[in-house]
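Overview (structure and organization)
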Amino acid sequence: MSDEALCDKVIQQVDATLKHDEQILVAFSGGIDSTVLLHALKTIKEKLRPELMLRAVYVHHGLSRYAQEWAEHCRLQCEQWNIPLHVAYVSVDPSLAGIEAAAREARYQALNDLLSNNEVLVTAQHRDDQCETFLLALKRGSGPAGLSAMPERMVFGDCQQVRPLLNVSRQQIEDYARIQKLRWVDDDSNQDTRFDRNFLRLKVLPTLEQRWPQFSRMVSRSASLCAEQEQLLDELLAPALSHLVDSGGAIDIDGLSSVSDIQRRALLRRWLSQHRMMMPSQEQLEKLWWEVALSQQDAEPMLKLGECQIRRYRQRLYLLPAMQPVDDIQLEWDGQSKLLLPDSLGVLMPDEAGETVRRPKADERVTVRFSAPGNLNIQITGRTHSRSLKKLWQELGVPVWLRQRTPLLFYGDNLIAALGVFITVEGQRQGDDVGWNILYRKKSY
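Everything quoted here is computed from the prediction, not taken from an experiment.

**Focus: helix 9 (residues 196-211)**
Taking 1.5 Å of rise per residue, the 16 residues of helix 9 would be expected to cover 22 Å, and the 21 Å separating its terminal C-alpha atoms lies within 8% of that figure. Of all the bends in helix 9, the largest measures some 45° and sits at Val-204, one to four residues before the proline Pro-206. Among the residues making up helix 9, those that are buried are Asn-198, Leu-200, Arg-201, Leu-205, Leu-208 and Glu-209.

**Some words on the UniProt feature "domain: Lysidine-tRNA(Ile) synthetase C-terminal" (unreviewed entry) in the chain**
In this structure's numbering, the residues bearing the UniProt feature "domain: Lysidine-tRNA(Ile) synthetase C-terminal" (unreviewed entry) are residues 366-440. Along residues 366-440, the helical share is 9% and the strand share 32%, with 16 Å between the first and last C-alpha atoms.

**Re the sheet that holds strand 11 (residues 330-332)**
Pairing within the open sheet is antiparallel, and its five strands lie in the order 11-14-17-18-19. A single partner strand is all that each edge strand has here, and the edge strands are strand 11 and strand 19 (422-423). Relative to strand 17 (residues 408-411), strand 14 (residues 366-369) runs antiparallel, the two being bridged by four bridges. Residue Arg-369 lies in a different strand from strand 17, and its bridge partner there is Leu-408.

**Observations regarding the sheet that holds strand 13 (residues 346-357)**
Strand order in this open sheet of three strands is 12-13-20, and the pairing throughout is antiparallel. Each edge of the open sheet is held by one strand with a lone partner, namely strand 12 (339-340) and strand 20 (436-442).

**Thoughts on the side chain of Thr-424**
Considering the arrangement of structural elements, one finds Thr-424 in the loop between strand 19 and strand 20. Once residues lying within four places of it in the same chain are set aside, the contact partners of Thr-424 are Ile-378, Gln-379, Ile-380, Thr-381, Leu-415, Ile-416 and Ala-417.

**Considerations on the packing of helix 6 (residues 127-139) against helix 10 (residues 215-244)**
In contact at an axis separation of 9 Å, helix 6 and helix 10 are set at 65° when each is read in the N-to-C sense. The chirality of how helix 6 crosses helix 10 is left-handed. Contact with helix 6, carried on its side by Arg-127, Asp-128, Gln-130, Cys-131, Phe-134 and Leu-135, involves Phe-215, Ser-216, Arg-217, Val-219, Ser-220, Ser-222 and Ala-223 of helix 10 and no other residues of that element. Of the residues belonging to the contact of helix 6 with helix 10, the class tally is six nonpolar, four polar and three charged.

**Digging into unusual backbone geometry**
Despite not being glycine, Lys-181 shows a phi value in the positive range, around 55°. With respect to the element layout, Lys-181 can be found in the loop between helix 8 (170-179) and helix 9. For Arg-314, which is not glycine, the phi dihedral falls at a positive 50°. Note that Arg-314 resides in the loop between strand 9 (308-313) and strand 10 (316-321).

**A closer look at a nonpolar patch on the surface**
A cluster of nonpolar side chains, contributed by Leu-232, Leu-233 and Leu-236, occupies part of the molecular surface with about 270 Å² of accessible area. As for its placement among the helices and strands, Leu-236 is situated in helix 10. What makes Leu-236 exposed here is its relative accessible area of 58%.

**Focus on the packing of aromatic side chains**
Following the criterion strictly, the structure yields eight aromatic pairs and no others. When the centroid spacing of 6.3 Å and the interplanar angle of 80° are considered together, the rings of Tyr-313 and Trp-401 count as edge-to-face. Residue Tyr-313 is found in strand 9, and its partner Trp-401 is found in the loop between helix 14 (389-395) and strand 17; the two are separated by 88 residues along the sequence. When its relative accessible area of 10% is taken as the criterion, Tyr-313 is described as buried. Arranged with centres 6.0 Å apart and planes meeting at 50°, the rings of Trp-393 and Phe-422 form a pair that is tilted. With Trp-393 in helix 14 and Phe-422 in strand 19, the pair connects residues that are 29 residues apart, well separated along the chain. You'll find Trp-393 and Phe-422 in the same group, each marked buried. Through a chain of ring-to-ring contacts, the aromatic side chains of Tyr-313, Tyr-318 and Trp-401 assemble into a single cluster. Over the aromatic face of Phe-410 sits the side chain of Arg-369, whose NZ or CZ is 4.1 Å from the ring centroid.

What counts and what doesn't
Residues numbered from 1 in each chain as written. Predicted model: local features only at pLDDT ≥ 70, side-chain atom pairs only at ≥ 80, totals over all residues. Heavy atoms only, no water. Helix = DSSP H or I, 4+ residues; strand = E, 2+ residues; numbered from the N terminus. Expected span 1.5 Å × (residues − 1). Bend = angle between axes of the 7 residues up to and from the residue. Buried < 20%, exposed > 50% of the residue type's maximum accessible area, 1.4 Å probe, protein only. UniProt positions renumbered as here; feature names shortened; annotations may be inferred. Pairing = 2+ DSSP bridges. Contact = heavy atoms within 4.5 Å. Axes fitted to C-alpha atoms, helices over the stretch in contact; angles between N-to-C directions. Left-handed = near helix turned anticlockwise from the far one by under 90°. Nonpolar A, V, L, I, M, F, W, Y, C, P; charged D, E, K, R; others polar. Patch = residues over 30% accessible without salt bridge, like charges linked within 9 Å, V, L, I, M, F, W, Y side chains within 5 Å. Areas by Shrake-Rupley, 256 points an atom, 1.4 Å probe, with all protein chains shown as cover. Salt bridge = Lys/Arg side-chain N within 4 Å of Asp/Glu carboxyl O. Phe/Tyr/Trp six-rings, centres within 6.5 Å; stacked < 30°, edge-to-face > 60°. Lys NZ or Arg CZ within 6 Å of the ring centre and 35° of its normal.

What follows is the structure in structure tokens.
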């Protein structure tokens, strides 16, 4: 193949993948892969699609002593090619998830924050990267979902991420860069074989390619077949999943008990995927079923999964965010201004659309709390008898984790209302009292 034909083939591949996209943000590290990608897009804009809106971003982690030099290289390159560049500075905390994972998370958050409406994020992963991802998933014992490796197009925050070079080999990229006389930077950490991906690229794949020259192409085909099978399963299981999941996103345990073990695991994986959760291991999935879903009825089981937790209530499984304890918090409130609740629980505000309670007396101190003794006897409006708070929570179907996260309005030591749930007889408006209208805009779970 001639040099011109090779370059044309890469450009055509990129153009075909992005033919319906008009606004593109390129993740530009200055390395050879993203340099070739950005050059190909520059060529497409100049020769084929002058209306294309193209810009680039360099994420500055500060992890390498060369990071500022690389940022300057990217700035000069984009200036030469007349492409707007944004340098995003991020901080990485390796104590949370390790250097690789923490850097990736910081990078993706910065990219997500920068994307505008209708803009796609374009990244430079290629066929050899796909092969490495497949082998890493194989090492972890992943099933078809993990072995699907990287899709060409996927949801990214509120936008999409596209990988137009997934069918282009590393050799083709190197040839393109040589033919076009491109300049790029080499990340010194790419030679560190302590990182699994570098070990595969430097020590394993060259041997495999020497023995089987089409190895990366065949692995890419296998990844595509796995992705196709997963898509088919998604379509076949969608009606059953829709039937099992309620409007709040909780999934029915009895319904899961009525299907085979294989189908149940597949449904649980897809339920978690709907919440954009990282796929659990087989061990975690079994623990979820046996130790949470099927635990004793009087238990309050919980499984941590990444930054979230899964809990059971009334034969349903709920996927919940991490929660900070708030039961010891008391907030003073004047009832006239907005009150921001802790741990992103929502906000209280005066509003005619809210619940109406009596106004406090002059000597009554108004507080918002999140706990009260479970044996506290109270009578709520619409009922003739008092009940303990614990019994009321149960009768009203308030999940266990919300019982100490629901804002309780107190006047002095008198419980006036559990906002959004009930008003006590003590809190009823009477006579000429115009009352307080309190709207609780709560965080959803």
